[in-house]
There are 4 protein chains.
Amino acid sequence: MPKDTYFNLAEDKRKRVIDAAIEEFSTHSYHKARITAIAENAGIAKGSFYQYFKDKKDLFKHIIDLTVDKKLEYINQDMMKNIKNHGFFQLLQETYLSGVRFAKDNPRLLAIGVKLTNNKDLQREVWGDQQDKTLSFYKQLLEVGITKGELESDIDIELVSRLLSGLNYSLIDIVYKDGKIDLDGLVNEKGIVDKMISFIENGIKKNNNE
Amino acid sequence: MPKDTYFNLAEDKRKRVIDAAIEEFSTHSYHKARITAIAENAGIAKGSFYQYFKDKKDLFKHIIDLTVDKKLEYINQDMMKNIKNHGFFQLLQETYLSGVRFAKDNPRLLAIGVKLTNNKDLQREVWGDQQDKTLSFYKQLLEVGITKGELESDIDIELVSRLLSGLNYSLIDIVYKDGKIDLDGLVNEKGIVDKMISFIENGIKKNNNE
Amino acid sequence: MPKDTYFNLAEDKRKRVIDAAIEEFSTHSYHKARITAIAENAGIAKGSFYQYFKDKKDLFKHIIDLTVDKKLEYINQDMMKNIKNHGFFQLLQETYLSGVRFAKDNPRLLAIGVKLTNNKDLQREVWGDQQDKTLSFYKQLLEVGITKGELESDIDIELVSRLLSGLNYSLIDIVYKDGKIDLDGLVNEKGIVDKMISFIENGIKKNNNE
Amino acid sequence: MPKDTYFNLAEDKRKRVIDAAIEEFSTHSYHKARITAIAENAGIAKGSFYQYFKDKKDLFKHIIDLTVDKKLEYINQDMMKNIKNHGFFQLLQETYLSGVRFAKDNPRLLAIGVKLTNNKDLQREVWGDQQDKTLSFYKQLLEVGITKGELESDIDIELVSRLLSGLNYSLIDIVYKDGKIDLDGLVNEKGIVDKMISFIENGIKKNNNE
DNA sequence: CATGAATGAGCCTTCATTCAT
DNA sequence: CATGAATGAAGGCTCATTCAT
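Note that the structure is a prediction, hence the values are computed from the model and not measured. (Residues numbered from 1 in each chain as written. Chains lettered and ligands numbered in written order. Predicted model: local features only at pLDDT ≥ 70, side-chain atom pairs only at ≥ 80, totals over all residues. Heavy atoms only, no water.)

1. Brief notes about the overall build of chain A
A count of helices and strands for chain A gives twelve helices and two strands. Each helix and strand of chain A, ordered N terminal to C terminal, gives the series α-α-α-α-α-α-α-α-α-α-α-β-β-α. When the backbone C-alpha atoms are referred to their principal axes, chain A occupies close to 70 × 35 × 30 Å. For chain A, the residues scored as buried account for 46% of the 210 residues in total. When contacts within chain A are restricted to residue pairs at least 6 apart in sequence, long-range pairs at least 24 apart make up 66% of them. As presented, chain A carries roughly 10,800 Å² of accessible surface, and 48% of it is formed by carbon and sulfur atoms. (Helix = DSSP H or I, 4+ residues; strand = E, 2+ residues; numbered from the N terminus. Buried < 20%, exposed > 50% of the residue type's maximum accessible area, 1.4 Å probe, protein only. Contact = heavy atoms within 4.5 Å. Areas by Shrake-Rupley, 256 points an atom, 1.4 Å probe, with all protein chains shown as cover.)

2. Observations concerning the arrangement of the chains
Spatially, chain A and chain D are disjoint, and the shortest separation between their C-alpha atoms is 33 Å. With no contact formed, the shortest span from any C-alpha in chain B to any C-alpha in chain D equals 12 Å.

3. Concerning the packing of aromatic side chains
Throughout the structure, instances matching the rule amount to 42 aromatic pairs over all chains. Ring geometry for C:Phe25 against C:Tyr30: centres 6.1 Å apart, planes inclined by 5 degrees, an arrangement best described as stacked. The pair C:Phe25 / C:Tyr30 is uniform in exposure class, with both members buried. An angle of 65 degrees between the planes, with centres 5.1 Å apart, marks the rings of D:Tyr30 and D:Phe60 as edge-to-face. (Phe/Tyr/Trp six-rings, centres within 6.5 Å; stacked < 30°, edge-to-face > 60°.)

4. Brief notes about the interface of chain A and chain B
Taken residue by residue, the interface counts 42 residues in chain A and 41 residues in chain B. Across the chain A to chain B interface the summed buried area is about 3,800 Å²; carbon plus sulfur atoms make up 60%. Of all residues in chain A, the largest losses of buried area upon contact with chain B belong to A:Phe199, A:Ile204 and A:Lys205, amounting jointly to 18% of the total for that side. Between the two partners, chain A and chain B, sit four salt bridges. Of the charged contacts in the structure, one is a salt bridge between A:Glu201 and B:Lys205, with a shortest N-O distance of 3.6 Å. (Buried area = accessible area lost by both parts, 1.4 Å probe. Salt bridge = Lys/Arg side-chain N within 4 Å of Asp/Glu carboxyl O.)

5. Let's talk about the protein's contact with DNA strand F
If you check the shell around DNA strand F, you find 34 residues, and the closest are A:Thr5, B:Arg34, C:Thr5, C:Lys13 and C:Tyr52. A share of 64% of the atoms of DNA strand F within 4 Å of the protein falls on sugar and phosphate groups. One of the backbone N or O atoms of B:Ala33 is found 3.0 Å from a phosphate oxygen in DNA strand F. Between B:Lys56 and DNA strand F, the recorded distance is 3.2 Å, taken from a backbone N or O atom to a phosphate oxygen. Counting only elements with at least two residues in the surface near DNA strand F, the list comes to helix H4 (46–52) of chain A, helix H3 (35–42) and helix H4 (46–52) of chain B, helix H4 (46–52) of chain C together with helix H3 (35–42) and helix H4 (46–52) of chain D. (Near = heavy atom within 4 Å. Polar contact = N/O pair within 3.5 Å; in protein donor to acceptor, adjacent residues only side chain to side chain.)

6. Brief notes about the protein's contact with DNA strand E
For DNA strand E, the set of nearby residues contains 35 residues, the closest of which are B:Thr5, B:Lys13, B:Tyr52, C:Arg34 and D:Gly47. Here DNA strand E approaches the protein such that, of its atoms within 4 Å, sugar and phosphate make up 62%. Separating a phosphate oxygen of DNA strand E from a side-chain N or O atom of C:Arg34 is a distance of 2.6 Å. Of all the elements in the fold, those that place two or more residues in the surface near DNA strand E are helix H3 (35–42) and H4 of chain A, H4 of chain B, helix H3 (35–42) and H4 of chain C together with H4 of chain D.

7. Section: the packing of helix H7 (residues 88–105) of chain B against helix H8 (residues 107–117) of chain B
Residue and element names in this part refer to chain B. Interaxial distance between H7 and H8 falls to 5 Å at its minimum, and their mutual angle equals 110 degrees. Considering the angle they form, H7 stands roughly perpendicular to H8. Listed contacts from H8 to Phe-102, Ala-103, Lys-104 and Asp-105 of H7 are Pro-107, Leu-109 and Leu-110. Split by residue class, the contact of H7 with H8 holds five nonpolar, no polar and two charged. (Axes fitted to C-alpha atoms, helices over the stretch in contact; angles between N-to-C directions. Parallel < 35°, antiparallel > 145°, perpendicular 65-115°, else oblique. Nonpolar A, V, L, I, M, F, W, Y, C, P; charged D, E, K, R; others polar.)

8. Points about the interface of chain C and chain D
Facing the 41 residues of chain C at the interface are 43 residues of chain D. For the pairing of chain C and chain D, the buried interface totals around 3,800 Å² over both sides, and the portion due to carbon and sulfur atoms is 60%. Counting across the interface, chain C meets chain D through four salt bridges. In this structure, the salt-bridge partner of C:Asp156 is D:Lys195, at a minimum N-O distance of 2.8 Å. Looking at the side of chain C that touches chain D, the elements with two or more residues in it are helix H7 (88–105), helix H11 (157–175) and helix H12 (189–202) of chain C. Ranked by residues supplied to the side of chain C that touches chain D, first place goes to H11(C) with eleven residues. Among the residues forming the side of chain C that touches chain D, the class breakdown is 17 nonpolar, eight polar and 16 charged.

9. Some points on the relation of the copies chain C and chain D
What connects the two chain copies is a rotation about an axis and a shift along it. Laying chain C over chain D is done by rotating through 177 degrees and shifting 0.2 Å along the axis; what remains is an RMSD of 0.6 Å. On the angle and the small slide along the axis, the relation comes out as a two-fold axis. Residue C:Gly203 of chain C places its C-alpha closer to the rotation axis than any other residue of that unit, at 2.3 Å. Interface residue correspondence from chain C to chain D reaches 95%, placing this contact among same-surface, isologous pairings. (Least-squares fit on C-alpha atoms with pLDDT ≥ 70 in both.)

10. Some thoughts on the domain arrangement of chain A
Residue and element names in this part refer to chain A. For chain A, the assigned domains read domain 1 (1–54) and domain 2 (62–202). The gap between the C-alpha centroids of domain 1 and domain 2 is 29 Å. Contact residues are listed per partner, giving 14 residues for domain 1 and nine residues for domain 2. Where domain 1 abuts domain 2, roughly 950 Å² becomes buried across the two surfaces, and 74% of that area is made up of carbon and sulfur atoms. Per-residue buried area on domain 1 facing domain 2 is highest for Ile-22, Phe-25 and Ser-26; these three make up 45% of the total on that side. Inspection of the domain 1/domain 2 interface yields two salt bridges. (Domains from an automatic or database assignment.)

11. Remarks on the nonpolar core
A:Tyr96 and B:Tyr96 are the most contacted members of the largest nonpolar core, which has 71 residues in total. Among the elements that make up this core, the one with the highest residue count is helix H11 (residues 157–175) of chain B (ten residues). With near-sequence residues (within four places) excluded, B:Tyr96 lies in contact with B:Tyr138, B:Leu164, B:Leu167, B:Asn168, B:Leu171, B:Val193, B:Met196, B:Ile197 and B:Ile200. Membership of the second largest hydrophobic core comes to 69 residues, among which are C:Leu92, C:Leu141, C:Leu159 and C:Met196. (Core = buried A, V, L, I, M, F, W, Y, C linked by side-chain atoms within 4.5 Å.)

12. Thoughts on the pattern of salt bridges
In total, this model carries 54 salt bridges over all chains according to the counting rule given. D:Arg162 is the salt-bridge partner of D:Glu158, the closest N and O atoms lying 3.4 Å from each other. Placement of the pair is D:Glu158 and D:Arg162 together in helix H11 (residues 157–175), with a separation of four residues, close to one helical turn. What makes D:Arg162 buried here is its relative accessible area of 18%. Each member of the salt-bridge network shares a partner with another, and the members are A:Lys15, A:Asp19, A:Glu23 and A:Arg108.

13. Examining helix H10 (residues 130–147) of chain B
Residues and elements named next belong to chain B. Here H10 spans 26 Å end to end across 18 residues, near enough to the 26 Å set by a 1.5 Å rise per residue. All of the buried residues in H10 are Leu-135, Tyr-138, Leu-141, Leu-142, Val-144 and Gly-145. Its buried side turned inward, H10 meets H7 and H11. Residue Gly-149 follows H10 closely and has a positive phi angle near 75 degrees. (Expected span 1.5 Å × (residues − 1).)

14. Quick notes on the environment of C:Lys148
All names here are of chain C. Mapping Lys-148 onto the fold places it in the loop between helix H10 (130–147) and H11. Assessed through its relative accessible area of 39%, Lys-148 is described here as partly exposed. Residues Lys-148 and Ala-33, 115 residues apart in the sequence, show an inter-C-alpha distance of 48 Å. In contact with Lys-148, not counting residues within four places along its chain, are Ile-83, Lys-84 and His-86. In this structure the side chain of Lys-148 is engaged in a polar contact, spanning 2.9 Å, whose partner is the backbone oxygen of Lys-84. Within polar-contact distance, the side chain of Lys-148 engages the backbone oxygen of His-86 at 3.0 Å.

Quick look at the structure:
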């Protein structure tokens, strides 16, 4: 949690600090990221940095918080608040699409998130149980889907929720590479998402009855 | 490539070095891994380390090579050499199962591999184009499956190959956490793999015809 | 080029750093010179050193720059700017004398300069083409001398310029040894320089016409 | 002084060691020269090196001894043994020419000698009073020359002997650069030496009586 | 005598953090 | 609240020399 001095800062300066931090953390691992560089790029004194944040981790956590906030903005809140009024695959599609939109608009935040994924220790310190929340969300979706008769009733919710979460990662990975759009041979994001949904709906086995 | 001195080393000492290295690299990122710690844990002088390896990267590459060799031992070579004689889902199941077995037996090597995934620069230096090879493998599997009429002919091979690769990662991630078995609520590996194969075959949508 | 922090340093501290550096570089080759020793003798932390200079070479270049500046102070600028108004041997004498005065006042800088002479690679990095400038200076002097009829017109300018430059080194070498005055059996600098000039003017062959 | 084991070595192996040492010392400063490299290039074990020589310095001194021996081979012994039967300038020319011939035939030994010149501490340890011997030689030459009436009787022998020695260095420096012949614009060695002798005989002042 | 593995002191450099002004 | 100089722990790496076989 940043210090009070940070929140009392002029909007402009606070933005410069955040911008510099995002730039540094998105291009370097947590440990290789240098607060010296951040201070320089933000145009503040190195000492000032420690007036705003307790230490490097304090800043990083703050950046992650901002990232989570930003991510939430991309989720269709109306839809999510009324899960029961929508079909399972519609909700899943919207979930995936919101992730793609976020990634497209915030490539640097995406890069930071991906890096965090690869550092379990840090993730535990910073995220706590965020991952569990994500899984819970998918589980909830699945349960409703089953209840409404949209999904096979004998699926393993624990497993499938993890697969859906994993597929979301894959999707992001496919659509964006190193912060750059990468749609070689893939029509467009919407098309990809649709195909993924279809994959999840029906699998890939040839249905001989057709 | 380690120096000759390394290969001339007594079996016992070489093992200690490798063990210490695997321990260090599996618990620290490449950059945070300390050769000082490796030397200490292996019971050799720091200077000796540099008689065996050119530098830190030389050792790391060697560990990766060992990992790749180990991984190959888990793949059913007979089956893979006669792809056309087996069904697509059978091959996929075997592929996934071999990964699970490797992970179960070599949790530390798995951890190193996962870390490498998160460091694209290092990966490029060490792996070259191994990732592409993996994708090519899945593509080949898919093509044969379509030809043989096992799979829907209109699937997007490029996309699905990436999904299958991603699901493999998810699988490993589900079964093992931080090098520790994690089968809470999940019957067993075989069961999980079977369920995943089923997921990929048929999807999760309720088939009302049944 | 030292960093800004260096130039912002208190006069006193900057002097201590430079003094320690000159002491170290004048008594050790560039590669044997230890920045650890310099930091210790300057009474600063090793880390502080790197706040002032990028690296060892940065410091060394700075010392060389200071040496060049100091050397220039000893040259009679009025005389050199009006080469044509003075006799060749008068100019040569002044050139040699300025070198002697510099060496006498700055024996440690002299030692550094001599060491640099022996490390061609370093010299190239630090000096660029300074050596050529020195030769050009002597050549210019010789050409003017010939034009004015003071010198034999058939001398090999290329060769003689190198000899004059070499004699200058010899002179410095004679007058100062390891930073200590060494006038054993030699009256005084002025006397030596006069004798050298005479040597260059007339040679040492007995003139039987006299 | 090398150990007895060294002198008992097979001619061939001893030669390989010396060759490797000369190669290393001629291309690196004494401190940067690596005995590891010497052992490798000589095709001997590093441990063997220490069976032949006490340490690095022991080897270096030996190389210098060999260099001095080699240098002596180039001096016209007959002429030097009968100094009194030859003219001063004839002897000086021969002295200089022998130096040029040595340099031409042994560029690597020359390089080692030049490096040694730049390391006074090492020079003292290795050469002891060799430099004094050189100066004594020139002094003797000068004294005989004066006695025989060839030279001006009022020259400062101490000074001139050093100048003649210095000019010899200049000559070598002019003729050979970095172990490579460098006669740009200079007719040939003999021509240069003749011009230098002329320079020493008559100086460069225009003689108006001519 | 040959061998080559083992050693460890020591070097340069980096960087998060502190602290006096 | 701003500043930026000061700090020092720590890391990777080099190499002459020793020593057991």
